[in-house]
Amino acid sequence: MPSNAPSHRSNPAVFPVTRADALARLAAFAPRAGSAYGQGRNVDHGPGRHDTVSRLSAALRRRTVTEAEVIAEVLRHHDAQAAQSFISEVFWRTYWKGWLEQRPAIWTQYLARCAALKQQLRRDPDLAGRHADAIAGHTGIDAFDHWMRELLDTRYLHNWARMQVASIWIFTLGLPWELGAAHMAARLRDADPASNTLSWRWVAGLHTAGKAYLADAERITAMTGGRFHPHGLARDAAIPADAPPPPATPLRTTPMPDTTRPAVLWITPEDASVDLATALQDMPVRAVVALHDHVRDDADRAALDDALSRAARQRDVPALWAQDVDDLVAIAGDHDATQIVTGFVPLGHLGDELPAIRAALDGAGLVLAEHLRHWDRTVWPHCRRGFFALKQEIPALLDMLVPHDALDCTLVDTIR
């Protein structure tokens, strides 16, 4: 490869996050999202060859494109039955979000446990050594070691490989699942607090009581085309001790945007296409803003730069980068805005900061209003139990959601 060629890690066509790149990838992938996807989605062909999956996770995580847009394009090429495997995977993402939103204690407990384990790593040389070997890919388990290096090199892993990594981490290496989840969250380009945390819990046997996922050496060999032959994998799943998940609680309520009041539109990595939401099109927006404080990596920055530029052109208003909430208050004052409007902020690192942000804005006489997508408002109430309960509702939900939400971002005009 020429020295000036884009790497697999940085090439925007490989792991797109801007809207144009994501829509181009969607257009290329959608014709293969039917039976071919269902048959080949669990095969890991290795770095640079993940063409059987959509590779839209980084864009969907930031909502550069929406779930409904993706499904609408797939349904232009396949009927719902043929595309059911792919559609189910999209709904899994929503399921994890909705499930965690209704059990915020799980996120709080995870963070507390991570903090405690980081202290333990400083006191326990054996745990620290095994942890260091695992994240460096020095365990002697060929598939696991390769995947840990691939994660470091490309900031991506095939979803099926993530399950194998988590299982080997927990049951073969005997490491706390929280440390594995934290390591993956810090490195994945598409890291999502709900999907990552709850997927690790699912593998560990903590999401569905007593049902863990145990990696199998023969299946790893088959699903990687014979590239790996791991030895010494655990044959039994010693499920970590943990309290049962708490019952679901009501979803958090938040002020809705007032489309008659002048606003600053705050674009975050949680919803980088909120500027295109149909419900906000008539709102008098005075400026669009993103905050440096909430940029965790280059993918966040690319998605937000793209969103700011697009929103500024569409509305003919200034697009501004601010450092923190104090700057946000100042920008609102400069533009005579009385509300800050953003996409709904779910549980996660930005969500952890939201109470303090809201208090600061309240103190300045500004309302913080969050736009909850029709998709989330409709699907999340079905995410209180196991995924099967949601899966049964998918046909009816598609009829309700895709015609409505696919219009949210004028997908057809953009990619055809």
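(A) Spatial organisation of the environment of isoleucine 168. In this fold, isoleucine 168 is placed in helix α9 (residues 159-172). The exposure class assigned to isoleucine 168 is buried, which follows from its relative accessible area of 0%. Setting aside chain neighbours within four positions, we find isoleucine 168 in contact with Ile141, Phe144, Leu173, Ala215, Ile220 and Leu233.

(B) Quick look at the pairing of strand β1 (residues 263-266). Residues Ala263 and Leu265 of β1 are buried on one face, and the alternating residues Val264 and Trp266, pointing to the opposite face, are buried as well. Direction of pairing for β1 relative to strand β4 (residues 339-343): parallel, over a ladder of three bridges. When the sheet's bridge partners are listed, leucine 265 is paired in β4 with valine 341.

(C) The arrangement of the packing of helix α4 (residues 67-77) against helix α5 (residues 84-101) in detail. At a minimum axis separation of 11 Å, α4 and α5 run at an interaxial angle of 175°. Between α4 and α5, the crossing angle belongs to the class labelled roughly antiparallel. The segment α4 lies against α5, with Glu67, Val70, Ile71, Val74 and Leu75 engaging Phe86, Ile87, Val90, Phe91 and Thr94. Of the residues assigned to the contact of α4 with α5, the class counts are eight nonpolar, one polar and one charged.

(D) Local environment of the side chain of threonine 378. Inspection of the secondary structure puts threonine 378 in helix α16 (residues 374-379). Looking at threonine 378, its side chain comes within polar contact range of the main-chain oxygen of histidine 374, at 2.7 Å.

(E) Molecular detail of the environment of glutamine 323. You can see glutamine 323 is positioned in the loop between β3 (319-322) and α14 (325-334). Each C-alpha atom, one on glutamine 323 and one on glutamate 101, is 28 Å from the other, the two residues being 222 residues apart in sequence. Dropping the residues within four chain positions of it, glutamine 323 is found in contact with Leu291, His292 and Asp293. In terms of polar contacts, glutamine 323 uses its side chain to reach the side chain of aspartate 293, at 2.9 Å.

(F) Looking closely at the pairing of β3. Relative to β3, strand β2 (residues 285-291) runs parallel, the two sharing four bridges. By the bridge assignment, valine 288 is partnered in β3 with alanine 319. Following the chain from β2 across helix α13 (residues 298-315) to the adjacent parallel β3, one finds a crossover that is right-handed.

(G) Inspection of the sheet that holds strand β5 (residues 367-371) at higher detail. If you trace the five strands from one edge of the open sheet to the other, you get β3-β2-β1-β4-β5, paired in parallel fashion. Two strands in the sheet have a free side with no partner beyond their single neighbour: β3 and β5. Going from strand to strand, the sheet's axes swing by 30° on average, the running direction of each strand aside. Sheet strands touched by helix α15 (residues 349-363): β1, β4 and β5. Its angle to β5, the strand with the most contacts, is close to 145°.

(H) Spatial organisation of the packing of aromatic side chains. This structure, assessed with the given rule, holds 17 aromatic pairs. A centroid spacing of 5.6 Å and a plane angle of 80° characterise the contact between tyrosine 95 and phenylalanine 387, whose relative ring orientation is edge-to-face. You can see tyrosine 95 sitting in helix α5 and its partner phenylalanine 387 sitting in helix α17 (residues 387-391), a full 292 residues away along the chain. This pair shows no difference in class: tyrosine 95 is buried, exactly as phenylalanine 387 is. Across the ring face of tyrosine 156, the terminal group of arginine 162 is positioned such that the distance to the ring centre comes to 5.4 Å. The residue whose ring lies beneath arginine 301 is tryptophan 321, and the NZ or CZ to ring-centre distance is 4.9 Å.

(I) Fine view of the side chain of arginine 63. Assignment of secondary structure puts arginine 63 in the loop between α3 (57-61) and α4. When sequence neighbours within four positions are dropped, the list of residues in contact with arginine 63 reads Glu270, Asp271, Ala272, Ser273, Arg373, Trp375 and Asp376.

(J) Main features of helix α1 (residues 19-29). Regarding α1, the residues found buried are Arg19, Ala22, Leu23, Arg25, Leu26 and Phe29. All buried residues of α1 project into a common sector of 160° when viewed along the axis, lining one side.

(K) Up close: the nonpolar core. With 86 residues, the main nonpolar core has Phe91, Trp169 and Ile220 as its most contacted residues. Sequence-distant contacts of tryptophan 169, that is, excluding residues within four places in its chain, are made with His131, Ala134, Ile135, Phe144, Met148, Gly174, Leu175, Pro176, Trp177, Leu179, Gly180 and Trp200. Formed by 24 residues, the second largest nonpolar core is a distinct cluster that contains Val17, Ala272, Val295 and Ala312.

(L) Summary view of a negative patch on the surface. A cluster of acidic side chains, namely Asp293, Asp326, Asp327, Asp352 and Glu353, defines a negative patch on the protein surface. Among the elements of the structure, α14 and α15 are those that each provide at least two residues to the negative patch. Structurally, glutamate 353 is set in helix α15. The exposure class assigned to glutamate 353 is partly exposed, which follows from its relative accessible area of 35%.

(M) Seen up close, the confidence of the model for the chain. Looking at the chain as a whole, the pLDDT averages 93, with 94% of positions reaching at least 70. The low-confidence segment residues 409-416, where pLDDT is below 50, has 18 contacts with residues more than four positions distant or belonging to other chains.

(N) The arrangement of the pattern of salt bridges in detail. Considering all chains together, one arrives at 24 salt bridges under this definition. Put simply, glutamate 73 and arginine 76 hold a salt bridge, and the shortest N to O gap is 2.8 Å. With a gap of three residues between them, glutamate 73 and arginine 76 both fall in helix α4, about one helical turn apart. Residue arginine 76 is classed as partly exposed on the basis of its relative accessible area of 41%. Taking the shortest distance from any N to any O, the salt bridge between arginine 310 and aspartate 275 comes out at 3.0 Å. Of this pair, arginine 310 sits in helix α13 while aspartate 275 sits in the loop between β1 and β2, and the two are 35 residues apart along the sequence. Of the two residues examined, arginine 310 and aspartate 275, each falls in the buried class. What you see here is one network of salt bridges that share partners, running through Arg62, Arg155, Arg189, Asp297, Asp298 and Asp300.

Parameters and conventions
- Residues numbered from 1 in each chain as written.
- Predicted model: local features only at pLDDT ≥ 70, side-chain atom pairs only at ≥ 80, totals over all residues.
- Heavy atoms only, no water.
- Helix = DSSP H or I, 4+ residues; strand = E, 2+ residues; numbered from the N terminus.
- Buried < 20%, exposed > 50% of the residue type's maximum accessible area, 1.4 Å probe, protein only.
- Contact = heavy atoms within 4.5 Å.
- Pairing = 2+ DSSP bridges.
- Axes fitted to C-alpha atoms, helices over the stretch in contact; angles between N-to-C directions.
- Parallel < 35°, antiparallel > 145°, perpendicular 65-115°, else oblique.
- Nonpolar A, V, L, I, M, F, W, Y, C, P; charged D, E, K, R; others polar.
- Polar contact = N/O pair within 3.5 Å; in protein donor to acceptor, adjacent residues only side chain to side chain.
- Right-handed = clockwise from strand over helix to strand, strands pointing away.
- Phe/Tyr/Trp six-rings, centres within 6.5 Å; stacked < 30°, edge-to-face > 60°.
- Lys NZ or Arg CZ within 6 Å of the ring centre and 35° of its normal.
- Arc of directions from axis to C-beta.
- Core = buried A, V, L, I, M, F, W, Y, C linked by side-chain atoms within 4.5 Å.
- Patch = residues over 30% accessible without salt bridge, like charges linked within 9 Å, V, L, I, M, F, W, Y side chains within 5 Å.
- Areas by Shrake-Rupley, 256 points an atom, 1.4 Å probe, with all protein chains shown as cover.
- Salt bridge = Lys/Arg side-chain N within 4 Å of Asp/Glu carboxyl O.
- Lys, Arg positive; Asp, Glu negative; His and termini not counted.
- Charge placed at Lys NZ, Arg CZ, Asp CG, Glu CD.
- pLDDT = per-residue confidence, 0-100.

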